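Report on the structure
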Amino acid sequence: MKIILILGNKLLSSGKPSKILKKRLDTGIENYNKNDIFLVSGGNIANVSHTEAYVMKKYILNVLPKAEVICESKSLTTKENIQYSKNILKDYNCKVLLVTSYNHLKRVRKLVKGLNWKLTS
C-alpha cells in the first residue's frame, strides 16, 4: 500500500480541472494499485465554487469509484500543499508517491528534502 499525493493546480474559471491538473490526476491513477490511498491537495485559489481537492476527488472517483481519497483543501501554495499534506501523512506508515508536473519538480524537491517521498510527473 502507498499514498499517492497529488498536488493541485488552479482550476479553470468554470471550476473544471486544467490540462495540467488532468495530467497529474491521470498520472496518479496510472500509478494506482488496489489498497492504495489518494491524498489530493489544493484549496480554492481560483475562487470558484469548489476547492481543487474536491474537484480532484470527483475526477478520481469517476475513474476509480471504490478508491479511498483523502482531501486536503486548505492549501493555497505549493509550500502549504506539502506542509498540510505532511501533517495528514504522519498518521500513516507507508510509502508516498508525490505527483506533480515536470516543470514543478525542482521547487517540490526542495520542499520535500529530507522526506522519504518518491516524486513523479
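Below or above, wherever it landed, is the structure these notes cover. (Residues numbered from 1 in each chain as written. Predicted model: local features only at pLDDT ≥ 70, side-chain atom pairs only at ≥ 80, totals over all residues. Heavy atoms only, no water.)

Let's talk about the overall build of the chain
Across its full length, the chain carries 4 helices and 5 strands. Moving toward the C terminus, one meets the helices and strands of the chain in the order β-α-β-α-β-α-β-α-β. For the chain, the spread of C-alpha atoms along the three principal axes comes to 35 × 30 × 25 Å. When the 121 residues of the chain are sorted by exposure, 43% land in the buried category. When contacts within the chain are restricted to residue pairs at least 6 apart in sequence, long-range pairs at least 24 apart make up 64% of them. Summed over its atoms, the accessible surface of the chain is roughly 7200 Å², and 48% of this surface lies on carbon and sulfur atoms. (Helix = DSSP H or I, 4+ residues; strand = E, 2+ residues; numbered from the N terminus. Buried < 20%, exposed > 50% of the residue type's maximum accessible area, 1.4 Å probe, protein only. Contact = heavy atoms within 4.5 Å. Areas by Shrake-Rupley, 256 points an atom, 1.4 Å probe, with all protein chains shown as cover.)

Here we look at a positive patch on the surface
On the surface, a cluster of positive charge is made up of Lys16, Lys19, Lys22 and Lys58. Mapped onto the fold, Lys16 is located in the loop between strand E1 (2-7) and helix H1 (19-30). When its relative accessible area of 52% is taken as the criterion, Lys16 is described as exposed. (Patch = residues over 30% accessible without salt bridge, like charges linked within 9 Å, V, L, I, M, F, W, Y side chains within 5 Å. Salt bridge = Lys/Arg side-chain N within 4 Å of Asp/Glu carboxyl O. Lys, Arg positive; Asp, Glu negative; His and termini not counted. Charge placed at Lys NZ, Arg CZ, Asp CG, Glu CD.)

Some words on the environment of Lys95
Looking at the element boundaries, Lys95 is found in strand E4 (residues 95-99). Along the backbone, Lys95 and Leu12 are 83 residues apart, and their C-alpha atoms lie at a distance of 31 Å. Once you skip the residues sitting within four places of it in the chain, Lys95 turns out to touch Met1, Lys2 and Ile3.

Some remarks on the pattern of salt bridges
One pass over the structure, following the stated rule, counts 1 salt bridge. The salt bridge involving Asp36 is made with Lys2; its shortest N-O contact spans 2.6 Å. With Asp36 in the loop between H1 and strand E2 (37-41) and Lys2 in strand E1, this pair connects stretches of sequence that are 34 residues apart. Look at Lys2 and you get buried, because its relative accessible area is 16%.

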